[in-house]
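Residues per chain, in single letters:
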Amino acid sequence: MHDSGSRIWLSPPHMGGTELDYINDAFKKNWIAPLGDNVLGLEEKLEHYLESNSHVAALNSGTSALHLALLLLGIKEGDEVLCQSFTFAASVNPVRYVGATPVFIDSEPESWNICPVQLETAIKARISVGKKPAAIIAVHLYGMPYKVNDVNAVAERYNIPIIEDAAEALGSTIDGKKCGTLGTFGVLSFNGNKIITTSGGGAIVCKAPELKEKAVFLATQARDAASHYQHSVLGYNYRMSNISAGIGCGQMEVLPLRLQQKNELHQKYISFFKSIPGVKVFTNYNSNVSSNHWLTCITISDTQSTGKSTEELRQVLDAHNIESRPLWKPMHLQPLYKGYLYFGSKVCQRLFETGLCLPSGTGMDEEQILRIFTCLKGYFGDIN
Ligand SMILES: *Cc1c(COP(=O)(O)O)cnc(C)c1O
């Protein structure tokens, strides 16, 4: 049986209202092609929001931001990069773009992110065979900050830079500090389903103006200073367009509101599942972290005794025209990364097997939210 309502998506774009003003402005000035006021405006808004001496270059995707971060760190063929296994493929693929090799690290159960203990084990093991890792890619998955203090301590002990993949975590904080500003380089994404969007886009967060300048240089075909087109190094076409940036400028105005809306929905899920045995909502693991709750996720632990499973729930929601999605499949279990080194046990594999992302759009009306919870009640039984 299908509900008649239109499909409820996992996390669709949600415009604030002023995006078109910025785009119209670009049209008026005929500043359609790369650069222009909106790109600079978006960078300024992000720098102001993130604080912490952030120097932001707006790019055409989070993936290109990761690629540029690796290039700026000088990661090259033959290098090894330690990567959180539990993530989206875009966190890791850029390691291959530069000819380096990812080495995968398991998650720890509280943050679901890179395990500091396994991280150090891996570093020691690779150093002992003469292969000191060149960088660490840590991810704030689903907006949840990784254990920044512990991971930083390990990285500092061995003097290894961190690329902070904050693609899902704009607006999240740890110890009051904003995600995106906590690594050697930070990476943001404004893809269509992220907390704010530019339709497609991303940014690299640098700690010095010269590094931002270098990022922009590489992102615009690496033109030397000459009136003719002269090139000494390999460049890329990675800059954000002025039209996309116009959407981003409008979206930045509503980021605080989106954070509030994500949290309100998250709290609704928490209070619903409080009385459902075997179901755990993934939430802030201590009072120092504040997730943006980009997607609310659950795990179902006792499928055998409760008879409930996330895959069955996913199908039930789908039959009611509601999208939900399994958690990211760990990279070390992907066919693409078969045979690559992995340090860990089965923490992230277990999460993948027992978890589900629930619809987390901020643009839903009361009726759509009611549809979701009616469906959940139908599946778990109306014991609330
Ligand atoms: C979305 C995402 C990216 C990539 O960003 P794009 O803008 O889609 O290229 C990287 N890492 C994570 C964890 C993401 O969720």
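Our subject in this report is the structure included herewith. If you're wondering where the values come from, they're calculated on a predicted model, not measured in any experiment. (Residues numbered from 1 in each chain as written. Predicted model: local features only at pLDDT ≥ 70, side-chain atom pairs only at ≥ 80, totals over all residues. Heavy atoms only, no water.)

**With respect to the site of the ligand**
What counts is decided by this rule: When we say a residue is near a molecule or strand, we mean one of its heavy atoms is within 4 Å of it. Counting of polar contacts relies on pairs of N or O atoms within 3.5 Å, with two restrictions inside protein: one atom must be capable of donating a hydrogen and the other of accepting it, and residues adjacent in sequence are counted only when both atoms are side-chain atoms. Each accessible area is a Shrake-Rupley estimate made with a 1.4 Å probe; only the visible protein chains count as cover when residues are assessed. Amino acids outside the nonpolar list (Ala, Val, Leu, Ile, Met, Phe, Trp, Tyr, Cys, Pro) and the charged list (Asp, Glu, Lys, Arg) are all regarded as polar, and Gly is one of them.
Surveying the vicinity of the ligand reveals 15 residues, the closest of which are Thr63, Asp165, Glu168, Ser189 and Lys194. One nitrogen or oxygen atom from the main chain of glycine 201 is found 3.4 Å from an oxygen atom belonging to the ligand. Burial of the ligand by the protein amounts to 94% of the accessible area it has alone, namely 380 Å². For the shell around the ligand, the per-class residue count stands at four nonpolar, eight polar and three charged.

**Points about the state of the cysteines**
Here is the rule we go by: Any pair of cysteine sulfurs within 2.5 Å is marked as a disulfide.
A complete count under the given rule lists zero disulfides for this structure. Cysteine 115 forms no disulfide, and the closest cysteine sulfur to it belongs to cysteine 348, at a distance of 10 Å. The closest cysteine sulfur to the non-disulfide-bonded cysteine 297 is located on cysteine 357, 3.9 Å from its own sulfur.

**Considerations on the sheet that holds strand E14 (residues 342-343)**
To keep things clear, this is the line we draw: Between any two strands, pairing holds if DSSP finds at least two bridges. Only runs of H or I of at least four residues qualify as helices and only runs of E of at least two qualify as strands under DSSP, and these elements are numbered from the N terminus. Note on contacts: a residue pair qualifies if any of its non-hydrogen atoms lie within 4.5 Å across the two residues. In this analysis an axis means a line fitted to C-alpha atoms, helices contributing only their contacting stretch, and an angle means the value between N-to-C directions, from 0 to 180 degrees.
If you walk across this open sheet you meet the eight strands as E1-E9-E8-E5-E4-E2-E3-E14, and the pairing is mixed. Each end of this open sheet is capped by a strand with a single partner; those strands are strand E1 (55-59) and E14. In this structure, strand E2 (residues 80-84) lies alongside strand E3 (residues 101-105), joined through five bridges in parallel fashion. If you follow cysteine 83 over to E3, its bridge partner there is phenylalanine 104. Contacting E1, E2, strand E4 (135-139), strand E5 (162-165), strand E8 (185-189) and strand E9 (202-206), helix H3 (residues 62-72) crosses the sheet at an angle of about 165° to E8.

**Things to note about the packing of aromatic side chains**
As a reminder, the rule being used: Any Phe, Tyr or Trp ring, taking Trp's six-membered ring, that has another such ring centre within 6.5 Å forms a pair; planes under 30 degrees apart are called stacked, those over 60 apart edge-to-face, and the others tilted. Using a 1.4 Å probe on the protein chains alone, a residue whose accessible area is under 20% of its type maximum counts as buried, one over 50% counts as exposed, and one in between counts as partly exposed.
Counted according to the given criterion, the structure contains 16 aromatic pairs. For the ring pair phenylalanine 88 and tryptophan 328, a centre distance of 4.9 Å and an interplane angle of 25° mean the geometry is stacked. Separated by 240 residues along the polypeptide, phenylalanine 88 in the loop between E2 and helix H4 (93-97) and tryptophan 328 in the loop between strand E13 (325-326) and E14 bring together distant segments of the chain. For tryptophan 328, a relative accessible area of 15% translates into the label buried. Each ring, one from tryptophan 112 and one from phenylalanine 282, has its centre 3.7 Å from the other, and the planes form 5°; the classification is stacked. Here tryptophan 112, found in the loop between E3 and helix H5 (116-128), pairs with phenylalanine 282, found in the loop between strand E10 (279-281) and strand E11 (289-290); they are 170 residues apart in sequence, far enough to count as distant.

**With respect to the layout of surface pockets**
Our working definition: Only protein atoms enter the calculation, which uses a 1 Å grid: trapped sets of points that fit a 1.4 Å probe without letting it out are cavities, open sets showing protein on both sides within 12 Å along at least five of seven lines are pockets, and any residue with an atom within 4 Å of a point is a lining residue. Grid points are joined across faces, edges and corners, and a volume is the space filled by probe spheres set on the points. Just so you know, the domain bounds were taken from an automatic or database domain assignment.
The volume enclosed by the largest pocket comes to roughly 350 Å³. Around the largest pocket, the lining comprises 17 residues; the ones closest to its centre are Pro109, Trp112, Lys280, Thr299 and Leu351. Where the lining of the largest pocket is concerned, the elements lending two or more residues are E10, strand E12 (296-300) and helix H11 (347-354). Counting residues per element, the lining of the largest pocket draws most heavily on H11, at four residues. When its residues are assigned to classes, the lining of the largest pocket shows nine nonpolar, five polar and three charged. Of the volumes computed, that of the second largest pocket is approximately 270 Å³. Lining the second largest pocket are 22 residues; nearest its centre among them are Phe88, Ala90, Ser189, Asn191 and Lys194. Counting only elements with at least two residues in the lining of the second largest pocket, the list comes to H3 and E8. Looking at the lining of the second largest pocket, its residues break down into eight nonpolar, 10 polar and four charged. Residues from two domains meet in the lining of the second largest pocket; each of domain 1 (19-253) and domain 2 (254-380) gives at least three.

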